Amino acid sequence: MRIPAHTLRCCDGHDALHLRRLGNTGCVNARAAVVAASAVETLPAGARRSTGIEALRGIAAVMVLSVHSLSLLVPASDTGLPGWAIIRNQCNSGFQLFFVVSGFLIAGPFLRDLVRGNPLPSLWPYALRRILRIGPAFWLVLLVFTLVSLNGWNASDWIAVITHATFTQDLVPHQSGTVLPVAWTLSIEAMFYAFVPIAALLIRRGARTVAATRLERWILVGWTLSVVWELGFSLALHGPYGSAAVSPQNDTLKLFTISLPGMFCMFCPGMLVALWRVADRNVSFVRRRPGMTILAGCALWFVAAVVQATSIGALAACCGDQLRGVAFGAVLLGVINRQRTPGLLLRAFAGLGVVSYGIYLWHWLVIHGIEIAAGRSAPFGGSLGTPIALAVSLAATLPLAVISWYIVESPCMRLATAVARRPVADIPGTALELGVARAPASPEAR
């Protein structure tokens, strides 16, 4: 349907393109329709959630919870399961799987619009969604931690709380890992959220449409530079590589390695998968055998575990991280191409994936609560120590994660969507429906 000329005259070129997609909105305020279209265009048609993506999140959350619960609740001498020493250490890569999924979901809509020449997603709906997605639930956990441990606090403790609340703890000396050790990844996520639209805007200034092959080269160059940055500082400062740098009290090393330049390489596999999906460059084998692609990724993950378990040093850790990144990318590629009806196990992990952010936030406090209730550290041992510690930790964390989802996260996500879609004047429902129905397919909503 044709847009009236007087309506198009009140918009710039990008707005007019959005209005043509929306069709004739009648008496709808022109710019309000553009805001609505931009808000919904970053979502997939129908705002469907992907069972496969949620399952990956659930697996990542269980990996993170397991490595912390088994490190704190099970004696170091416990070897209840054959070969568990290798797998146990590699469960620490759960945060890397989270980063790969974030690279796919966050960068996907921007890569799509750069390749297709569409207007980029509007910044303020994007920023609002990101803030309300990770902020309130984390602030609640931070508040609980502050109230529980308030006695005897000094000025430095309050500085730590402030830096964590603003997701800047990885940028300030002496702050990373001081309040909630697992929260260091949220600062990296927040920096990535800011980097993606800024990079997309800079690329758009050079050209309206960018070839997928050029974007692919840039991502690979960024991946390489990130690895060189992190490995170079780890070797120069004689410190550990990657996330292991969170624990040692070497703030100079932390500032350079626990940062977006150092961790950017972990988002790159997901970004490449998103780009290949936008450019429709999936190889025929992946389309025909997504299950084999997933198995190949799992096998490569195990190879990375063996390599890192049998080698020492920053170089071995670097190789292990990059192999895991490729492995998780392969798994993600297989998951998004899988067309079969999800099985019971996949649906179970997808259920955990829905509340995975709550699991990630609350499990550390829950594990320490278990230790306090037991009256000693490492209360679970023996041949059944490993499964019992994991089961108890998950069972105790899951109710808090579910409450967090229904009381905090889900309402905040609905609020962000409602505010982002709210126009200056009222928008008829048909305008929003047209915006969703005609929006280009994008990676699953985060």
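Residues numbered from 1 in each chain as written. Predicted model: local features only at pLDDT ≥ 70, side-chain atom pairs only at ≥ 80, totals over all residues. Heavy atoms only, no water.

(A) Structural detail: a nonpolar patch on the surface. Among the surface-exposed residues, Leu400, Val402, Ile403, Tyr406 and Ile407 lie close enough to one another that they form a single nonpolar patch of about 480 Å² accessible area. Residue placement: Val402 occurs in helix 19 (residues 385-421). Classification of Val402 by relative accessible area gives partly exposed; the value is 31%. (Patch = residues over 30% accessible without salt bridge, like charges linked within 9 Å, V, L, I, M, F, W, Y side chains within 5 Å. Areas by Shrake-Rupley, 256 points an atom, 1.4 Å probe, with all protein chains shown as cover. Salt bridge = Lys/Arg side-chain N within 4 Å of Asp/Glu carboxyl O. Helix = DSSP H or I, 4+ residues; strand = E, 2+ residues; numbered from the N terminus. Buried < 20%, exposed > 50% of the residue type's maximum accessible area, 1.4 Å probe, protein only.)

(B) Structural detail: the nonpolar core. Within the largest apolar cluster, 98 residues are counted, with the highest numbers of intra-cluster contacts made by Phe104, Phe138, Ile188, Phe192, Leu332 and Leu361. By residue number, the principal contributor to this core is helix 6 (residues 94-116), which donates 14 residues. In this structure Phe138 touches His164, Ala165, Phe167, Leu180, Ala183, Leu186, Tyr357 and Leu361, once residues within four positions along its chain are discounted. Listed in part, the 8 residues of the second largest apolar core include Leu70, Ile367, Ile370 and Ala389. (Core = buried A, V, L, I, M, F, W, Y, C linked by side-chain atoms within 4.5 Å. Contact = heavy atoms within 4.5 Å.)

(C) Highlighting the confidence of the model for the chain. A residue-level look at the chain finds 78% of positions with pLDDT of 70 or above and a mean pLDDT of 79. Here residues 1-48 is a poorly scored stretch, pLDDT under 50, and it has 86 contacts once near neighbours within four places are set aside; other chains count. Below a pLDDT of 50 lies the segment residues 424-446, which in the model reaches 60 contacts outside its immediate sequence neighbourhood of four places, other chains included. (pLDDT = per-residue confidence, 0-100.)

(D) Region of interest: the environment of Ser66. By the element assignment, Ser66 lies in helix 4 (residues 51-73). Taking the relative accessible area as the measure of exposure, Ser66 reaches 3% and is therefore buried. With 320 residues separating them in the primary sequence, Ser66 and Thr386 have C-alpha atoms 9.1 Å apart. Every residue in contact with Ser66, bar those within four places of it in the chain, is listed here: Cys91 and Leu390.

(E) Geometry of the packing of helix 18 (residues 356-374) against helix 19. In contact at an axis separation of 8 Å, helix 18 and helix 19 are set at 135° when each is read in the N-to-C sense. Here helix 19 runs oblique to helix 18, going by the angle between their axes. Where helix 18 crosses over helix 19, the two elements pack in a sense that is right-handed. On helix 19, the residues that touch Tyr357, Gly358, Ile359, Trp362, His363, Val366, Ile367 and Ile370 of helix 18 are Val392, Ser393, Leu394, Ala396, Thr397, Leu398, Leu400, Ala401, Ser404 and Glu409. Residues belonging to the contact of helix 18 with helix 19 are distributed by class as follows: 12 nonpolar, 5 polar and 1 charged. (Axes fitted to C-alpha atoms, helices over the stretch in contact; angles between N-to-C directions. Parallel < 35°, antiparallel > 145°, perpendicular 65-115°, else oblique. Left-handed = near helix turned anticlockwise from the far one by under 90°. Nonpolar A, V, L, I, M, F, W, Y, C, P; charged D, E, K, R; others polar.)

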